[in-house]
Structures are given as structure tokens and as C-alpha cells.
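# Examining the three-dimensional arrangement
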Amino acid sequence: MTGNRTFTMIKPDAVENGHIGAILEKITAAGFRIVAMKYTQLSKRDAEEFYAIHKERPFFGELVEFMTRGPIVPAILEKDNAVDDFRALIGATNPAEAAEGTIRKLFATSIGENAVHGSDSDENAAIEGAFHFSGREVF
Ligand SMILES: Nc1ncnc2c1ncn2[C@@H]1O[C@H](COP(=O)(O)OP(=O)(O)OP(=O)(O)O)[C@@H](O)[C@H]1O
């Protein structure tokens, strides 16, 4: 059982493809309450900092390039067991392996351009939420 908040981003591919509304609908229909949300674009420095944990991975340059190429929708979500339930809702990193009905199965195009982010632990949800939002932007 994880805590009651997680952090997500609708990534540039899903924004470009016009899926913001459909993805938010899936998220709220699954019982998540949006407690913070904005429309913004990451700088190269932002993306390198956000994904610092992946900096030795071979796809790091590609990931930073992708995440900075257009606007994103970061949000903090609230629900019981938020981190685990949200990762179940989005499905596997690679959409080809994602379960039917998951957000990545429906809206992602590839392992790199996979439509949404979901925090992988309560600790990272708090760090990632604080990266994007100040206290008075969270309700
Ligand atoms: N083999 C790869 N090639 C290109 N990009 C990749 C690859 N593996 C992962 N990525 C990108 O890096 C992100 C972070 O990878 P990670 O393994 O943490 O997946 P995840 O936890 O499912 O995704 P996220 O952290 O975005 O929710 C992925 O969401 C994807 O955009």
C-alpha cells in the first residue's frame, strides 16, 4: 500500500496528439482527485535535473530531447494507494507490453514516447511534485 499522493506528467507526445482531455478523463474516472496542475514546458536543464537518475542510461539524451520538445501537463493526484494504483492505470513503460485499457496502451506510441509519467514511490512522488509546484499551488 502506498500513500495518498502521486505525481504525473502528460508528456509532449500526448499533448501534440491532442490527448490531454482523454487522459485527464481516464485519471478522474479512476478516482484520482487533481490537487495541482499546470501547462508548461521544461528547459533542458529542468529535464536533466528531473531525470538525473537516468543520466548514465543510453537513452538519456533522447529522453531529455523528447521531454523538452513541447508543452507538458504536470499534476499532483490524490487517492488511496496513489502511486501503485496510478502505475496500474498507466500500464507498462513499453506500450507494446501495456495491458488493455491502460493509458499507455491507448495513447502511447513507443517505449520512449509513452504519453505519461507516474512516480515509482511515495518518496519520489513528493520530490517530483515539489520540483514542479510550490505549496500554494497545491489544493
Ligand atoms: N529503452 C528506452 N528508450 C528510450 N526511452 C526510454 C527507454 N526506457 C525508458 N525510456 C524513457 O525514460 C522514461 C523513464 O524510464 P523508466 O524506466 O523510469 O520508466 P517508467 O518508470 O515506466 O517511466 P516514468 O518514469 O516516465 O513513469 C520512460 O518513461 C521513457 O520515456
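One numbering rule holds for all chains: residues counted from 1, following each sequence as written. With the structure being a predicted model, the display of local features is reserved for residues of pLDDT at least 70 and the display and counting of side-chain atom pairs for 80 or more, all residues being used for whole-chain, interface and lining totals.

## Brief notes about the overall build of the protein
Assigned secondary structure in the protein consists of seven helices and four strands. The way it works is that DSSP assigns letters per residue, a run of H or I at least four long becomes a helix, a run of E at least two long becomes a strand, and they are numbered from the N terminus. Going from N to C terminus, the protein has its helices and strands arranged as β-α-α-β-α-α-β-α-α-β-α. At 14 Å, the protein has a C-alpha radius of gyration in line with the 14 Å of a compact globule built from 139 residues. Counting only C-alpha atoms and orienting by the principal axes, one finds that the protein spans roughly 35 × 35 × 25 Å. The size measure is the radius of gyration over C-alpha atoms, and the globule rule it meets is 2.2 Å times the number of residues to the 0.38 power.

## So, unusual backbone geometry
Even without being glycine, Asn81 reaches a positive phi, approximately 55°. Relative to the assigned elements, Asn81 resides in the loop between β3 (73-78) and α5 (82-90). The phi dihedral of Ala115 falls on the positive side, at around 70°, and the residue is not glycine. Residue placement: Ala115 occurs in the loop between α6 (103-107) and β4 (116-118).

## Structural notes on the environment of Thr6
Secondary-structure assignment places Thr6 in strand β1 (residues 5-10). When the C-alpha positions of Thr6 and Ala30 are compared, they lie 14 Å apart, and in sequence the two are 24 residues distant. The contact criterion used here is simple: two residues whose C-beta atoms, placed from the backbone, lie within 7 Å are in contact. Sequence-distant contacts of Thr6, defined by excluding residues within four places in its chain, comprise Leu77, Ala82, Val83, Phe86, Gly118, Ser119 and Ala125.

## Things to note about the UniProt feature "binding site: ATP" (unreviewed entry) in the protein
According to UniProt, the feature "binding site: ATP" (unreviewed entry) maps to Lys11, Phe59, Arg87, Thr93, Arg104 and Asn114 in the numbering used here. Assignment of secondary structure puts Lys11 in the loop between β1 and α1 (12-16). Assignment of secondary structure puts Phe59 in the loop between α3 (44-50) and α4 (60-67). UniProt positions are given in the numbering used here, feature names are shortened, and annotations may be inferred rather than shown by experiment.

## Topic: the sheet that holds strand β2 (residues 33-37)
Paired strands, in this sense, are two strands between which DSSP finds at least two bridges. On the basis of which strands lie adjacent, the open sheet formed by four strands has the order β2-β3-β1-β4 and antiparallel pairing. Bordering the open sheet on either side are β2 and β4, each of which pairs with just one other strand. The mean angle between the axes of side-by-side strands here comes to 25°, regardless of whether they run parallel or antiparallel. Relative to β4, β1 runs antiparallel, the two being bridged by three bridges. Its bridge partner being in β4, Met9 is matched across the sheet by His117. What counts as an axis is a line fitted to C-alpha atoms, over the stretch in contact for a helix, and the angles between N-to-C directions run from 0 to 180 degrees. Docked against the sheet, α5 engages β1, β3 and β4, running at close to 30° with respect to β1.

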